[in-house]
Amino acid sequence: MENELKQLSQDFLQGPYEWEMLQGDGSERKIYRITPQKHHHKTLIGVEHKDLLENEAFVYITKRMRTLGLPAPEILVVSSDMGCYLTEDLGATNLAEVLPGWIQKGDSKKVTSAYRSVIDLMPRIQQDLPEMMGSFLKHRKMNHKSFVEDILYFQDNFVQRFDFLNLFNSRVVLEIQEHLIEPLADLDCDFFVYRDFQSRNIMW
């Protein structure tokens with residue numbers, strides 16, 4: 001763990017603690033679960049990331065989500081240079097991990113209910129957030145260039161990685177352009193776009 005995050009944790013907890021590094025998946029963030037040795041303190045999450053603008057955006061958006069009553073972790077403290085921060089710990093289980101158990105038991109009602117409760121939050125995230133974020137979103141627009149970059153990322157990190165390039169032929173690329181990218185680029189863009197909305201990113 002970087003010295004700055006250690007110091008931030010020490011200053012915040014005012015006492016000894018233990019930590020473990022967590023899986024960051026595709027992110028370059030270094031993420032730790034911090035367990036205070038004083039029992040009256042709950043565990044918390046420590047994050048260290050070199051992309052200061054991304055850190056600033058995460059902290060800003062998370063605070064605005066909580067203002068709207070959306071289930072986002074509380075930001076506990078941020079370093080002076082925005083290089084690291086501590087957040088509330090939402091636990092170790094995400095929705096993707098509990099779904100197989102429900103499916104195996106044939107409990108389709110739980111699966112449907114879980115997805116419904118999550119998807120019901122989407123209109124509030126997409127429509128209510130922009131109204132309170134003002135100039136922060138002014139130069140952060142999802143446009144044609146953004147959609148093309150997302151498709152290229154998908155091609156490099158999924159299609160090629162799992163050896164599906166033979167299926168990603170010129171016809172598929174053209175269909176993506178005509179039926180996905182161009183229609184999306186023509187839509188009103190005054191919404192907040194959650195670009196990685198999937199079960200692994202939803203704590204349960």
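Higher on the page you've got the structure.
Novice: Tell me about the nonpolar core, and name the residues and values.
Specialist: Grouped together as the largest cluster of nonpolar side chains are 12 residues: Ala57, Ile61, Met65, Leu70, Ala72, Met122, Ile125, Leu129, Met133, Phe136, Leu137 and Phe192. Elements supplying a minimum of two residues to this core: α2 (52–67) and α5 (122–133). Ranked by residues supplied to this core, first place goes to α5 with 4 residues. Once residues within four sequence positions are removed from consideration, isoleucine 61 is found in contact with Leu129, Met133, Phe136 and Phe192. Residues Leu5, Tyr17, Tyr32 and Cys84 belong to the second largest nonpolar core, which totals 9 residues.

Novice: Quick rundown of the pattern of salt bridges? Include the residues and the values.
Specialist: Under the defined criterion, the tally for this structure stands at 7 salt bridges. Its salt-bridge partner being glutamate 175, residue arginine 171 comes within 3.9 Å of it at the nearest N-O pair. One end of the pair, arginine 171, and the other, glutamate 175, are both in helix α7 (residues 170–185), 4 residues apart, so they sit about a helical turn from each other.

Novice: A description of the packing of helix α6 (residues 144–159) against α7 should follow, citing residues and the corresponding values.
Specialist: Two elements in contact, α6 and α7, have axes whose closest approach is 8 Å; the angle formed by their N-to-C orientations is 140°. The angle between α6 and α7 falls in the class oblique. Crossing hand, α6 versus α7: right-handed. In this structure, α6 uses His144, Phe147, Val148 and Ile151 to contact α7, whose residues at the interface are Ile176, Gln177, Leu180, Ile181, Leu184 and Ala185.

Novice: So, unusual backbone geometry: which residues are in play, and what are the values?
Specialist: Even without being glycine, glutamine 14 reaches a positive phi, approximately 55°. Structurally, the position occupied by glutamine 14 is in the loop between α1 (3–13) and β1 (17–22). Phi at methionine 82 takes a positive value of approximately 65°, unusual for a residue other than glycine. Along the chain, methionine 82 falls in the loop between β4 (75–78) and β5 (84–88).

Novice: Lay out the packing of helix α3 (residues 95–104) against helix α4 (residues 108–119) with the relevant residues and their values.
Specialist: At their nearest, the axes of α3 and α4 sit 9 Å apart, and the two run at 155° to each other. Here α3 lies roughly antiparallel to α4, going by the angle between them. Contact residues: α3 offers Leu95, Leu99, Trp102 and Ile103, while α4 offers Lys110, Val111, Ala114, Tyr115 and Val118. The class makeup of the residues in the contact of α3 with α4 is 8 nonpolar, no polar and 1 charged.

Novice: Could you give me a rundown of the side chain of glutamate 48, with the residues and numbers involved?
Specialist: For glutamate 48, the position within the fold is in strand β3 (residues 44–48). In this structure, glutamate 48 is buried with no salt-bridge partner, the nearest side chain bearing the opposite charge being lysine 30 at 4.2 Å.

Novice: Break down the pairing of β5 for me, citing the residues and quoting the values.
Specialist: For a regular strand, side-chain orientation follows a simple rule: the groups alternate between the two sheet faces. Summarising burial for β5: 4 of the 5 residues are buried, a large majority. Pairing geometry for β3 and β5, over 5 bridges, is antiparallel. Bridge pairing in β5 links glutamate 48 to cysteine 84. Sheet topology places β4 next to β5; 3 bridges connect them, and they run antiparallel. Within β5, the position partnered with valine 78 by the bridge is tyrosine 85. Linking two consecutive strands that pair antiparallel, namely β4 and β5, is a turn of 5 residues; a positive phi of about 65° is found at methionine 82 within it.

Novice: Describe α2, naming the residues involved and giving the relevant values.
Specialist: Its 16 residues place the ends of α2 23 Å apart at the C-alpha level, agreeing with the 22 Å of an ideal helix rising 1.5 Å per residue. When α2 is considered as a whole, its buried residues turn out to be Asn55, Ala57, Val59, Ile61, Thr62 and Met65. Packing partners of the buried residues in α2 comprise β4, β5 and α5. Its side-chain oxygen placed 3.3 Å from the backbone nitrogen of leucine 53, aspartate 51 serves as the N-cap of α2. Just past α2, the residue glycine 69 takes up positive phi, approximately 80°.

Calculation notes
- Position labels on residues start from 1 in each chain and follow its written sequence.
- Per-residue local features of the predicted model are confined to residues with pLDDT of at least 70, and side-chain atom pairs are confined, for both listing and counting, to 80 or more; whole-chain, interface and lining totals are unaffected and use all residues.
- To obtain the side-chain values, all non-hydrogen atoms of the structure were included, while hydrogens and water were left out.
- Note on terminology: a nonpolar core comprises buried Ala, Val, Leu, Ile, Met, Phe, Trp, Tyr and Cys residues joined through side-chain atoms within 4.5 Å.
- Throughout this description, buried means an accessible area under 20% of the type-specific maximum (1.4 Å probe, protein chains only), exposed means over 50%, and partly exposed covers the range between.
- To qualify as a helix, a DSSP run of H or I must reach at least 4 residues; to qualify as a strand, a run of E must reach at least 2; elements of each kind are numbered from the N terminus.
- The criterion used for residue contact is that any of the two residues' heavy atoms lie within 4.5 Å.
- The salt bridge criterion pairs a side-chain nitrogen of Lys or Arg with a carboxyl oxygen of Asp or Glu, the two atoms within 4 Å.
- Here an angle of 0 to 180 degrees is reported between the N-to-C directions of two axes, which are lines fitted to C-alpha atoms, with helices fitted over the stretch in contact.
- In this scheme, roughly parallel covers angles under 35 degrees and roughly antiparallel covers those over 145, while 65 to 115 is roughly perpendicular and the rest are oblique.
- Should the near helix be turned anticlockwise from the far one by less than a right angle, the crossing is left-handed, and should it be turned clockwise, the crossing is right-handed.
- Residues are grouped as follows: Ala, Val, Leu, Ile, Met, Phe, Trp, Tyr, Cys and Pro are nonpolar; Asp, Glu, Lys and Arg are charged; every other residue, Gly included, is polar.
- As used throughout, the charge tally considers Lys and Arg to be positive and Asp and Glu to be negative, leaving His and the chain termini uncounted.
- Pairing between strands is defined by DSSP: at least two bridges between them are needed.
- Multiply 1.5 Å by the residue count of a helix minus one, and that product is the helix's expected span.
- In protein, a polar contact requires one atom able to donate a hydrogen and another able to accept it; more generally it is a pair of N or O atoms within 3.5 Å, and residues adjacent in sequence count only if both atoms are side-chain atoms.

In short, the description is geometric, and any link to function would need to be established separately.
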